[in-house]
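Spelled out from the first residue to the last, the chains are:
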Amino acid sequence: MAETISISCGSVGREFELCKAQVDAWASKTGNEVKIVSTPNSTSERLALYQQLLAAGSPDIDVFQIDVIWPGILGTHFIDLSPYTKGAEKEHFPAIIKNNTREGMLLAMPWYTDGGVLFYRKDLLAKYNEQPPQTWEQLAATAKKIQDGERAAGNEKMQGFVFQGKAYEGLTCNGIEWLGSYGGGTIVDPDGKISINNPQAIKALETAASWMKTIAPDGVLNYSEEEGRGVFQSGNAVFMRNWPYAWPLAQSADSPVKDKVGVSALPKGGADGKHVATLGGWQLAVSKYSKHQALAADLVVYLTSKDAQKEHAIKGAYQPTIPALYQDKEVLAANPFFASLYDTFASAVARPSTATGAKYNQVSNEFWNTAYDILAGKTSAKDGVAALEAKLNRMSRGGKW
């Protein structure tokens, strides 16, 4: 007898249409029906919705699309998938499988991984005889030069650099990249020690604050992923920090910047710094409150399979969690930068969600509010991180998260 199950899917970029196509393929193959529940694009709003549904034991969603940082926050509400996977998890990046495993239970399967990258206008860099920047300092200088030149030439809307500056999880992702690039840690170390108040972290946040009023628009303080992409794709930004999903959209037939965009690793924090990408990505988990757990698990195994991930990569530039696909000719033809940025993706830096467990969301919230206040000029980086350290110390009871 045919059953109906439901899955939550996001709609950033081509996410929703690809989810629908693959879900429909599974439905016709198995003779069941799948209802797609659309959820907010903002990760913070989506988490709040999930927490509400799961706390109530609601059976309304069988399969949850969850952020890489949520197994520690929501894990008690999900089933162990290992009895259903037939060992398929061995094909995926071990670090992500480890991230999704709690107390020996595989609480989610990786759907796609993600790492922050730098998009740039290769036509404008060529016009001004500049190279893709290797450091944040080079980015600021190049962005200013091209922004000023293009404005003088008649495009008053041109911006040097757009990123995710709104007070939400996306700013934490950007912030982790700034900190890491200068050797400033990850807010809380893997052993639970609060490490945010250090000279390199202060330097990183001061650098980001210096972009405001010079190369970044005031509006960046309200930008999540899609707002920044809108400015860049309309031809009004030199550089953009975003996730790779923006690539096929920038290359689409109706895009004003088609064939004018390059992608590289994010800049280093000075000559002695390093290229850092925050580990992003989404997983699929099955609710404990689902009335069709085995069927929901079968859908998860199908959607996270090699074939489904290959389609996701070719049509939407979603990075596979299966290393073998980074050698696949069709995947690389659709996303030439996957090969050169493989190391960036494979060694992306995790947010401190494992160390802080169920308190991660509060930690991130305090960090993004601090970073926002520094960008907005409401506090200095030095005072901001000192106040943040004090708040985190109270929250952690001396590192015992």
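Structure's up top.
Note that this is a predicted model, so its numbers are computed, not measured.

Caption draft 1: Molecular detail of the sheet that holds strand β7 (residues 117-121). Strands sit in the order β8-β9-β7-β10 across an open sheet of 4 strands; the sheet is mixed. Only two strands of the sheet have a single partner each, and these edge strands are β8 (159-162) and β10 (261-264). Going across the sheet, the axis of each strand differs from the next one's by a mean of 15 degrees, ignoring polarity. Bridge analysis of β8 against strand β9 (residues 237-242) gives 3 bridges, and the strand direction is parallel. Pairing of Gln159 across the sheet is with Ala237, part of β9. Contacting β7, β8, β9 and β10, helix α10 (residues 225-233) runs over the sheet at an angle of about 155 degrees to β9.

Caption draft 2: Looking closely at unusual backbone geometry. Located in the positive-phi region is Glu103, a residue other than glycine, with phi close to 50 degrees. In this structure, Glu103 sits in the loop between β4 (101-102) and β5 (105-106). In this structure Glu103 comes out as exposed when scored by relative accessible area, which is 80%. Unlike most non-glycine residues, Lys213 shows phi in positive territory, near 75 degrees. Topologically, Lys213 is positioned in the loop between α9 (199-211) and α10. Residue classification places Lys213 among the exposed residues on the basis of a relative accessible area of 70%.

Caption draft 3: Molecular detail of the packing of aromatic side chains. The final tally for this structure, using the stated rule, is 22 aromatic pairs. Note on Trp111 and Tyr112: the rings are 6.0 Å apart at their centroids and 45 degrees apart in plane angle, and the pair reads as tilted. In this pair, the class of Trp111 matches that of Tyr112, namely buried. Seen from their ring centres, Phe161 and Trp211 are 5.3 Å apart, and the 85 degrees between their planes marks the pair as edge-to-face. Residue Phe161 is found in strand β8, and its partner Trp211 is found in helix α9; the two are separated by 50 residues along the sequence.

Caption draft 4: Highlighting the pairing of strand β2 (residues 33-38). Sheet analysis places strand β1 (residues 4-9) next to β2, joined by 6 bridges and oriented parallel. Across the sheet, the residue bridging to Cys9 is Ser38, located in β2. Taken together, β1, helix α1 (residues 15-30) and β2 constitute a β-α-β crossover, and its handedness is right-handed.

Caption draft 5: Structural detail: empty space enclosed by the protein. Applying the stated criterion across every chain yields a total of 2 cavities of 30 Å³ or more. Approximately 290 Å³ is the volume found for the largest cavity. Lining the largest cavity are 21 residues, and of these Thr43, Asp114, Glu225, Trp243 and Trp282 sit closest to its centre. At the level of elements, α2 (43-55), β6 (109-115), α8 (169-181) and β11 (279-286) are the ones that each hand at least two residues to the lining of the largest cavity. Considered class by class, the residues forming the lining of the largest cavity number 8 nonpolar, 6 polar and 7 charged. What lines the second largest cavity is simply Thr43, Ser44, Leu47, Asp67, Ile69, Trp70, Glu169 and Asn361. Considering each element in turn, the lining of the second largest cavity owes the most residues, 3 residues, to α2.

Calculation notes
- Residues numbered from 1 in each chain as written.
- Predicted model: local features only at pLDDT ≥ 70, side-chain atom pairs only at ≥ 80, totals over all residues.
- Heavy atoms only, no water.
- Pairing = 2+ DSSP bridges.
- Helix = DSSP H or I, 4+ residues; strand = E, 2+ residues; numbered from the N terminus.
- Axes fitted to C-alpha atoms, helices over the stretch in contact; angles between N-to-C directions.
- Contact = heavy atoms within 4.5 Å.
- Buried < 20%, exposed > 50% of the residue type's maximum accessible area, 1.4 Å probe, protein only.
- Phe/Tyr/Trp six-rings, centres within 6.5 Å; stacked < 30°, edge-to-face > 60°.
- Right-handed = clockwise from strand over helix to strand, strands pointing away.
- 1 Å grid on protein atoms, 1.4 Å probe; cavity = no way out; pocket = protein on both sides within 12 Å on 5 of 7 lines; lining within 4 Å.
- Points joined across faces, edges and corners; volume = space filled by probe spheres on them.
- Nonpolar A, V, L, I, M, F, W, Y, C, P; charged D, E, K, R; others polar.

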